[in-house]
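Residues per chain, in single letters:
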Amino acid sequence: MLKLTPLILAILYGLVMWRFSAWRLGKELDARSAPLADPALAPVIARMARALDLQRIPVHIYEVSPVNGLAAPDGRIFITRGFYEKFRAGEISAEEMASVVAHELGHVALGHARRRMIDFSGQNAVRVALMTVLGRFLPWIGPYLANLITSLVAARLSRGDEYEADAYASALLIKAGIGTEPQKSLFRKLDLLTGRIGAGPPAWLMSHPKTEERIAAIETNETKWRLGE
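So, a few notes on the structure that sits alongside this text. In this text the structure is predicted, and so the values were computed from the model without any measurement.

Here's the deal with the sheet that holds strand β2 (residues 59–62)
Stage number 1. Spatially, β1-β2-β4-β3 is the arrangement adopted by the 4 strands of the open sheet, whose pairing is mixed. The open sheet has two free edges, formed respectively by β1 (33–35) and β3 (69–71), since each of these has just one partner strand. This sheet shows a mean twist of 30° between the axes of neighbouring strands, independent of strand direction.
Stage number 2. The sheet contacts of helix α3 (residues 81–88) involve β2, β3 and β4 (77–80), and relative to β4 the element is tilted by about 65°.

Structure (structure tokens):
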């Protein structure tokens, strides 16, 4: 029983972290967001709502400056203030912004948003367990290896989620009569919009796939759908 104590403690730690993280994120979003009300975006978002047989798609503005979209574990969709200001400045179109909403809807519909919160807590638990085990045998590099292993696993899972959400968004945009061109054109702008031009971390450590790989995956899906595969 004593040998299992570190693992049991790691699991309990993960559960506590999951509940705390979900609570903290909800409080943060409640305090720093408001419903999006933009007459220029309303028509294109309404087209997606009709394609989903919904009365409306509630979208919120999250008052932070980074350019990003967010699907909360409770199913709410958020666009950051930084992203919205890019739209207001004319750097992205209404259809490109709609593709962001469609992508985040994909995370919600496919269960990614809630699962990511659980995965985050689980990864912390696994990290603690690995650090405990590896630290006994490799005291100098055990903690480093534990962090590396969990980071690699998390990045791979996250990239898979992004491809799935991209495919959902493509299907929704096509059904809504918007098409995938805004989705692909936004991807080509993202590095510039987010300030990530230049060298970055290796692809296998990135939580999002490379831009060209995401666009290629969208085009592959389009070909399959046209052929009825």
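Structure shown, so let's carry the discussion forward.
Focus: the pairing of β4
Stage number 1. Burial along β4 is two-sided: the residues I77 and I79 and F78 and T80 are all buried.
Stage number 2. Pairing geometry for β2 and β4, over 4 bridges, is parallel. Paired with V59 across the two strands is I77, which belongs to β4.
Stage number 3. Taken together, the 3 bridges between β3 and β4 define a ladder with antiparallel strand orientation. Bridged to G69 within β4 is I79.
Stage number 4. Counting the residues that bridge the hairpin from β3 to β4 gives 5 residues, and of these G75 lies at a positive phi of roughly 95°.

Focus: α3
Stage number 1. Within α3 the residues assigned to the buried category are G82, F83, Y84 and F87.
Stage number 2. Where the residues of α3 are buried, they touch β2, β3, β4, α4 (94–109) and α7 (181–194).
Stage number 3. Where α3 ends, the next residue or the one after it, G90, has phi of about 85°, a positive value.

Overview of the nonpolar core
Stage number 1. By size, the foremost hydrophobic cluster in this structure holds 36 residues, and its most contacted members are L41, M48, I57, V59, I79, F83 and V101.
Stage number 2. Counting only elements with at least two residues in this core, the list comes to α2 (42–51), β2, β4, α3, α4, α6 (142–175), α7 and α8 (211–227).
Stage number 3. Looking at this core element by element, the count peaks at 7 residues for α4.
Stage number 4. Once residues within four sequence positions are removed from consideration, I57 is found in contact with I45, M48, A49, L52, V101 and L105.
Stage number 5. Counting 5 residues, the second largest nonpolar core, distinct from the first, contains L29, Y62, V64 and F78.

Rules of the game
- Residues numbered from 1 in each chain as written.
- Predicted model: local features only at pLDDT ≥ 70, side-chain atom pairs only at ≥ 80, totals over all residues.
- Heavy atoms only, no water.
- Pairing = 2+ DSSP bridges.
- Helix = DSSP H or I, 4+ residues; strand = E, 2+ residues; numbered from the N terminus.
- Axes fitted to C-alpha atoms, helices over the stretch in contact; angles between N-to-C directions.
- Contact = heavy atoms within 4.5 Å.
- Buried < 20%, exposed > 50% of the residue type's maximum accessible area, 1.4 Å probe, protein only.
- Core = buried A, V, L, I, M, F, W, Y, C linked by side-chain atoms within 4.5 Å.

Geometry only, nothing functional implied.
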